[in-house]
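Structural characterization, general
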Amino acid sequence: MKNFDMNDTGGDQISIPLVERCLSVDLEVDPARAQTFSFAAVRHCDERKVVFRTGDREAALNRLERLAAEADYLLGHNIIRHDLPHLAAMRPRLANLAQRPIDTLWLNPLAFPRNPYHHLVKHHHDGRLQAGHVNDPELDARLVLTVLENQIAGFAALNRVNPCALTAYHFLATCAPDSGGFDAAFAEVRQAPRPGAAEAEKAILELLDGTACAFRTHQTLARLSSPQLGWPMGSVAQIR
């Protein structure tokens with residue numbers, strides 16, 4: 001996938017919305033056999049797509065690879081724990097697509113804490129979407145693009161009234177390796193690069209002031225950069 005630097009002023013890419021730099025992928029998998037029987041990959045910015053239901057799966061995977069090479073980020077709903085492992089199982093070299101994913105299932109509770117599984121989400125336990133059709137990966141992949149747009153709008157609204165929350169989320173959601181996709185999402189909203197630990201700690205302390213035990217807060221913040229704590233701490237910091 002192409003590299004993207006939000007500080008790069010040498011071209012026009014910085015002005016392109018995040019959703020247009022993504023390839024949205026959805027797989028339909030038989031859980032009894034752990035076998036992928038259909039998949040789709042679509043772009044927001046054009047009509048190019050890959051849809052496989054029957055026929056030559058290897059040729060479809062070749063087209064998916066080529067389309068992915070033109071995108072900056074791989075997008076999906078439950079893509080980290082569902083789609084990417086199955087893609088790698090079908091073709092091991094596709095594992096390198098996992099370097100900068102954006103998972104809307106992970107972002108949803110932060111974007112919509114009062115209603116984390118909003119109207120497009122059908123089953124929050126397995127991360128499926130309300131596609132309106134059974135096993136329609138293309139429609140699901142297109143819905144994920146809408147979900148990401150909704151999430152970006154939700155984060156932008158929060159940033160206007162509570163920028164400390166976005167600072168905290170930006171840091172905590174990007175502690176683990178291969179978090180470039182999440183970094184891009186929050187950088188687009190904040191129009192700023194990933195905050196450092198000191199800036200994030202200040203934001204979290206402000207968020208939790210008067211709502212959490214000060215001793216436990218400082219004790220936890222001592223492990224602020226731990227990859228294992230980032231997303232759980234982001235959930236704790238959901239204060240509106």
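Quick summary incoming for the structure in this document. (Residues numbered from 1 in each chain as written. Predicted model: local features only at pLDDT ≥ 70, side-chain atom pairs only at ≥ 80, totals over all residues. Heavy atoms only, no water.)

**With respect to the packing of helix 4 (residues 137–161) against helix 6 (residues 180–190)**
Packing of helix 4 against helix 6 leaves a shortest axis separation of 9 Å and a crossing angle of 45°. When the interaxial angle is binned, helix 4 and helix 6 end up oblique. As for the relative orientation of helix 4 and helix 6, their crossing is right-handed in sense. Contact residues: Ile 152, Phe 155, Ala 156 and Asn 159 in helix 4; Ala 185, Phe 186, Glu 188, Val 189 and Arg 190 in helix 6. Broken down by class, the residue content of the contact of helix 4 with helix 6 amounts to six nonpolar, one polar and two charged. (Axes fitted to C-alpha atoms, helices over the stretch in contact; angles between N-to-C directions. Helix = DSSP H or I, 4+ residues; strand = E, 2+ residues; numbered from the N terminus. Parallel < 35°, antiparallel > 145°, perpendicular 65-115°, else oblique. Left-handed = near helix turned anticlockwise from the far one by under 90°. Contact = heavy atoms within 4.5 Å. Nonpolar A, V, L, I, M, F, W, Y, C, P; charged D, E, K, R; others polar.)

**Thoughts on the side chain of Asp 103**
Along the chain, Asp 103 falls in strand 5 (residues 101–103). For Asp 103, which is buried and forms no salt bridge, the nearest opposite charge comes from Arg 81, at a distance of 7.1 Å. Here the side chain of Asp 103 touches Leu 105 through a polar contact of 2.9 Å, landing on its backbone nitrogen. Not counting chain neighbours up to four residues away, the residues in contact with Asp 103 comprise Gly 76, His 77, Asn 78, Ile 79, Ile 80 and Phe 182. (Buried < 20%, exposed > 50% of the residue type's maximum accessible area, 1.4 Å probe, protein only. Lys, Arg positive; Asp, Glu negative; His and termini not counted. Salt bridge = Lys/Arg side-chain N within 4 Å of Asp/Glu carboxyl O. Polar contact = N/O pair within 3.5 Å; in protein donor to acceptor, adjacent residues only side chain to side chain.)

**Some words on the pairing of strand 4 (residues 73–76)**
In summary, the side chains of a regular strand alternate between the two faces of the sheet. Here strand 4 shows no split at all, with Tyr 73 and Leu 75 on one side and Leu 74 and Gly 76 on the other all buried. By the bridge criterion, three bridges tie strand 1 (residues 22–30) to strand 4 in an arrangement that is parallel. From the neighbouring strand, Leu 23 faces strand 4, where its bridge partner is Leu 74. Here three bridges tie strand 4 to strand 5, and the two strands are oriented parallel to one another. The residue of strand 5 that forms the bridge with Leu 75 is Ile 102. With respect to chirality, the unit in which strand 4 leads through helix 2 (residues 79–90) into the neighbouring parallel strand 5 is right-handed. (Pairing = 2+ DSSP bridges. Right-handed = clockwise from strand over helix to strand, strands pointing away.)

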